[in-house]
Amino acid sequence: MAMAARFWLLSLTLMSVSVVGLVLGNSESDALYTLRKSLSDPDNVLQSWDPTLVNPCTWFHVTCNQDNRVTRLDLGNSNLSGHLVPELGKLEHLQYLELYRNNIQGTIPAELGNLKSLVSLDLYNNNISGTIPPSLGKLKSLVFLRLNDNRLSGPIPRDLVGLASLKVVDVSSNDLCGTIPTSGPFEHIPLSNFENNHRLEGPELLGLASYDTNCS
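Residues numbered from 1 in each chain as written. Predicted model: local features only at pLDDT ≥ 70, side-chain atom pairs only at ≥ 80, totals over all residues. Heavy atoms only, no water.

Colleague: In this structure, what is going on with the overall build of the protein chain? I would like to understand it.
Modeller: Secondary structure summary: the protein chain contains one helix and 12 strands in total. Along the protein chain, helices (α) and strands (β) appear in the sequence α-β-β-β-β-β-β-β-β-β-β-β-β when read from the amino end. Counting only residues that meet the buried cut, the protein chain has 42% of its 216 residues in that class. (Helix = DSSP H or I, 4+ residues; strand = E, 2+ residues; numbered from the N terminus. Buried < 20%, exposed > 50% of the residue type's maximum accessible area, 1.4 Å probe, protein only.)

Encoded structure:
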């Protein structure tokens, strides 16, 4: 009787683990499929994104870890248009979000600030507008932030100053305003990575000017 009870308990545990994995996989599949539906894909690079599969780890341009959690999305230079979706913020193990050199419009969802594992956010050479979300200041693992060659406006969020891991920032060729941060990781970012923002006034002078000057 005791052995039968242990076997039943083990079976129940394995079943629970399987259900949890299925739910997590479906959650990530749903998020990515929502992205697919928001994009125009004339070259069919997203053709393998089948929402009926248990998880998206077999989809092209998607990489998963050993636990079948999505860690990379590689869709750079894929002739995609459309917009990003808030559901991307549900990919909590995502490390690389590569969507550069497309024709993506709309804004950067604030929900991307929930991607606590994100190392690289590459959205450069698109047609993205709106502001840089202050929520990106929550991305404590972020190393690469490349948003250049878009139509972004507003100031550079000072929330980014606290990202100690940040090594590369490029926001050149946008319509940003105000001043350039000079503390934290920005101390070592070359000024060329901020050029071609005609309303950006240059490095901030701490204590002398508001950082959002010239943004009205």
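Colleague: Please explain the pairing of strand 11 (residues 175-180) as it appears in this structure.
Modeller: Two faces, one strand: in a regular strand the side chains alternate between the faces of the sheet. For strand 11, the buried fraction is high: five of the six residues fall into the buried class. Bridge count for strand 9 (residues 153-154) against strand 11 is two bridges, and the pairing is parallel. Bridge assignment links Gly154 to a residue of strand 11, and that residue is Leu176. The pairing of strand 11 with strand 12 (residues 199-203) spans three bridges and is classified as parallel. Paired with Gly178 across the two strands is Leu200, which belongs to strand 12. (Pairing = 2+ DSSP bridges.)

Any functional reading would require information beyond the geometric quantities listed.
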